[in-house]
Amino acid sequence: KKKKYLCPPGFNHFYKNPPQMVKGEMQYLFDDQGVKYLDFFAGVSVMNCGHCNPEIISAAIKQMETLQHTSIIYLTQNMVDLAERLAEVLPGNLTRSFFCCTGSEANETALTMAKLYTGKDQFIALNSGLHGRTYQTMSATEIPMWRSDDFLMPNFHFALSCAYSAGTLDEAAERSLESIEKIIESVGSDSIAALIAEPIQGNGGIITPPKWYFKKLKSILEKHGVLLIIDEVQTGFARTGKMFAIENYDVVPDIMTIAKALGNGMPISAASTTDEIGMKFNRPSASTLGGNPVCSATAMAVLDYIKENKLCERSEELGKMLKDGLLEIQVNHPDKIGQVRGIGLMLGMELASEDGSPLPELVDQVLEFALENGVIIGKNGRDRNVLAFQPPLVISKEDVRLVLSTLKLFFETN
Ligand code: PMP
């Protein structure tokens, strides 16, 4: 039936025989055969607070029984309360939020905000970046497999990211900044509205810039009157040991986008900005379902849960344990494992041979082996050769040990 009715026809799931998931319980998923899996991908960084978290779904259900939808043409309380709660946790002076439903829509809004504020229409984006599937955001996406349209917008200019296969991360970051400066020079700072970037490139393969990168980048952009849009769609909400990944870099962007884990499975996203930029977004614009009472109530329950259960601290501590374990495995298998990257519980392990050639088939073998052992691991990367570890942040040390021992067994026996 899937092959007959779904579009696109070649739509692929992970795994040769994909299990059909029918139930979720915090860090666990269950398939239709009753098999239990430890989920280390969290629906691509969405279920930070766990599947069907009772505290969060009860807030959603309570709101669903009271008032579900009015659209923003009528005044409701939850959206305003959520905007206020976000202003408290967003970095710096990002106090104004525009609500919509998906990450793509939030980035679309951010790009429009930047154009309205600056009066300019050119953008810089980074290689290996992914920002969405709407027209502007797909145009801002460089990863070839996610550019499904042959006729994308010409006003996006791609600079090098911090990805590297030879030399050091610092050198790669310097090269990235140089290529950004080159674009500013050739396109002209009087035409470039903003640069859009993920703090850690998720789909690109958990590409993690060095600590100094974003400060230097921000000062280059400020010098040229170019805004910085940070896409926290995949990195936000305690995933990296901080509420937002950009806080690891001590930089406040001009516009920030959030989605995925904000709703812990409910569709809600936002583009958040300063008073100054927000006040220039003064034309009518509305997302019918954006920030509806149910999704807003859910998002507030997410913020409560993260704070009360200290998920930032948990992500930092368990992330360190996981990373140390991954590095230990890497040392023993340099012929198959390249870089181990990431911060907190957003980690990637690149599988490549010693000459640097990517090993995407081996990634698939690891995924199959882990599945057989009751563990779900993600994959990403421009060459689909990076194992991705982005579990719900409610996992335990025992869960980390299970993932590490499963990986160890794979690499010792394959
Ligand atoms: N930005 C980033 C960094 C993402 O990872 C994604 C989705 N994987 C998006 C934007 C698009 O989000 P959505 O699928 O909710 O439109």
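Please refer to the structure placed before this passage.
The structure contained in this document is the topic of the report that follows. Predicted, not measured: the structure shown is a model, and the values here were computed from it. (Residues numbered from 1 in each chain as written. Predicted model: local features only at pLDDT ≥ 70, side-chain atom pairs only at ≥ 80, totals over all residues. Heavy atoms only, no water.)

Here we come to the site of the ligand. The environment of the ligand is formed by 13 residues, the closest being Gly103, Ser104, Asp231, Gln234 and Lys260. Leucine 130 is positioned with one of its backbone polar atoms (N or O) 3.4 Å from a nitrogen atom of the ligand. A distance of 2.7 Å is found between a nitrogen atom of the ligand and a side-chain nitrogen or oxygen belonging to aspartate 231. Burial of the ligand by the protein amounts to 82% of the accessible area it has alone, namely 390 Å². Of the residues forming the shell around the ligand, the biggest block, three residues, is contributed by helix 5 (residues 103-118). Broken down by class, the residue content of the shell around the ligand amounts to two nonpolar, eight polar and three charged. (Near = heavy atom within 4 Å. Polar contact = N/O pair within 3.5 Å; in protein donor to acceptor, adjacent residues only side chain to side chain. Areas by Shrake-Rupley, 256 points an atom, 1.4 Å probe, with all protein chains shown as cover. Helix = DSSP H or I, 4+ residues; strand = E, 2+ residues; numbered from the N terminus. Nonpolar A, V, L, I, M, F, W, Y, C, P; charged D, E, K, R; others polar.)

Here we come to the nonpolar core. If you look at the biggest cluster of nonpolar residues, it comprises 96 residues, and the most contacted ones within it are Ile180, Phe237, Leu387, Phe389 and Leu407. The leading source of residues in this core is helix 10 (residues 293-308), at eight residues. When near neighbours in sequence (up to four residues on either side) are disregarded, leucine 407 contacts Leu326, Ile329, Val366, Ile377, Leu387 and Phe389. (Core = buried A, V, L, I, M, F, W, Y, C linked by side-chain atoms within 4.5 Å. Buried < 20%, exposed > 50% of the residue type's maximum accessible area, 1.4 Å probe, protein only. Contact = heavy atoms within 4.5 Å.)

Helix 10 packs onto helix 3 (residues 54-64) with a crossing angle of 155 degrees between their chain directions and a minimal axis gap of 8 Å. Accordingly, the angle class assigned to the pair helix 3 and helix 10 is roughly antiparallel. Crossing hand, helix 3 versus helix 10: right-handed. Here helix 3 contributes Glu55, Ile56, Ala59, Ala60, Gln63 and Met64 to the contact with helix 10, which in turn contributes Pro293, Val294, Ala297, Thr298, Ala301, Val302, Tyr305 and Glu308. Tallied by class, the residues present in the contact of helix 3 with helix 10 amount to ten nonpolar, two polar and two charged. (Axes fitted to C-alpha atoms, helices over the stretch in contact; angles between N-to-C directions. Parallel < 35°, antiparallel > 145°, perpendicular 65-115°, else oblique. Left-handed = near helix turned anticlockwise from the far one by under 90°.)

Attention now goes to the sheet that holds strand 6 (residues 156-159). Read across the sheet, seven strands follow the order 4-10-9-8-7-5-6 without closing on themselves; strand pairing throughout is mixed. The open sheet has two edge strands, strand 4 (96-100) and strand 6, and neither has a second partner. Averaged over neighbouring strand pairs, the angle between their axes works out to 20 degrees when direction is ignored. Here helix 7 (residues 169-187) sits on the sheet in contact with strand 5 (122-126), strand 6 and strand 7 (192-197), set at roughly 150 degrees to strand 6. (Pairing = 2+ DSSP bridges.)

A word on the pattern of salt bridges. Within the structure shown, the criterion is met by 14 salt bridges. In this structure, arginine 382 engages glutamate 142 in a salt bridge whose closest nitrogen and oxygen atoms are separated by 2.5 Å. Placement of arginine 382 in the loop between strand 13 (375-380) and strand 14 (386-389) and of glutamate 142 in the loop between helix 6 (135-139) and strand 6 is noted, with a sequence separation of 240 residues between them. Residue arginine 382 is classed as partly exposed on the basis of its relative accessible area of 39%. Across the pair lysine 336 and aspartate 335 runs a salt bridge, and its minimum N-O distance is 3.9 Å. You can call aspartate 335 partly exposed: its relative accessible area is 35%. Overlapping salt bridges, with partners in common, bring together Lys218, Glu222 and Asp254 in one network. (Salt bridge = Lys/Arg side-chain N within 4 Å of Asp/Glu carboxyl O.)

Here we come to the pairing of strand 11 (residues 337-343). Across the seven residues of strand 11, seven count as buried, placing the element largely inside the fold. The pairing of strand 11 with strand 12 (residues 346-351) spans five bridges and is classified as antiparallel. The residue bridging glycine 342 from the neighbouring strand is leucine 347, located in strand 12. In this antiparallel pair of consecutive strands, strand 11 and strand 12, the connection spans two residues, and glycine 344 shows a positive phi of 60 degrees.

Our focus in this paragraph is the sheet that holds strand 14. The strands making up a sheet associate through hydrogen bonds between their backbones, and the pairing can be parallel or antiparallel. Pairing within the open sheet is mixed, and its seven strands lie in the order 1-2-3-13-14-12-11. The strands lining the two open edges of the sheet, one partner per strand, are strand 1 (21-25) and strand 11. Averaged over all pairs of adjacent strands, the angle between their axes in this sheet comes to 30 degrees, without regard to strand direction. Here strand 2 (residues 28-31) pairs with strand 3 (residues 36-40) via three bridges, running antiparallel.

On to helix 10, then. Taking 1.5 Å of rise per residue, 16 residues should cover 22 Å, and helix 10 covers 22 Å from first to last C-alpha, within 8% of that figure. Counting buried positions along helix 10 gives 13 out of 16 residues, so the element sits mostly inside the fold. Between a side-chain oxygen at the N-terminus of helix 10 and the backbone nitrogen of valine 294 the separation is 2.9 Å; the capping residue is asparagine 292. In the stretch just after helix 10, lysine 310 is the one whose phi turns positive, near 45 degrees. (Expected span 1.5 Å × (residues − 1).)

Bringing helix 11 (residues 311-332) into the picture now. If you check helix 11, its first and last C-alpha atoms are 31 Å apart, about what 22 residues at 1.5 Å a residue would give, namely 32 Å. Every buried residue of helix 11 is accounted for by Leu311, Cys312, Ser315, Leu318, Gly319, Leu322, Gly325, Leu326, Ile329 and Gln330. Axial view of helix 11: buried residues confined to an arc of 155 degrees, hence all on one face. Facing away from the buried side of helix 11 by more than 90 degrees, the exposed set consists of Glu316, Lys320, Val331 and Asn332. Buried positions along helix 11 lie against strand 3, helix 10, strand 11, strand 12, strand 14 and helix 13 (397-413). (Arc of directions from axis to C-beta.)

Taken as a whole and assessed by the stated rule, the structure comprises zero disulfides. Residue cysteine 101 stays outside any disulfide, its sulfur separated by 6.7 Å from that of cysteine 295, the closest cysteine. (Disulfide = S-S within 2.5 Å.)

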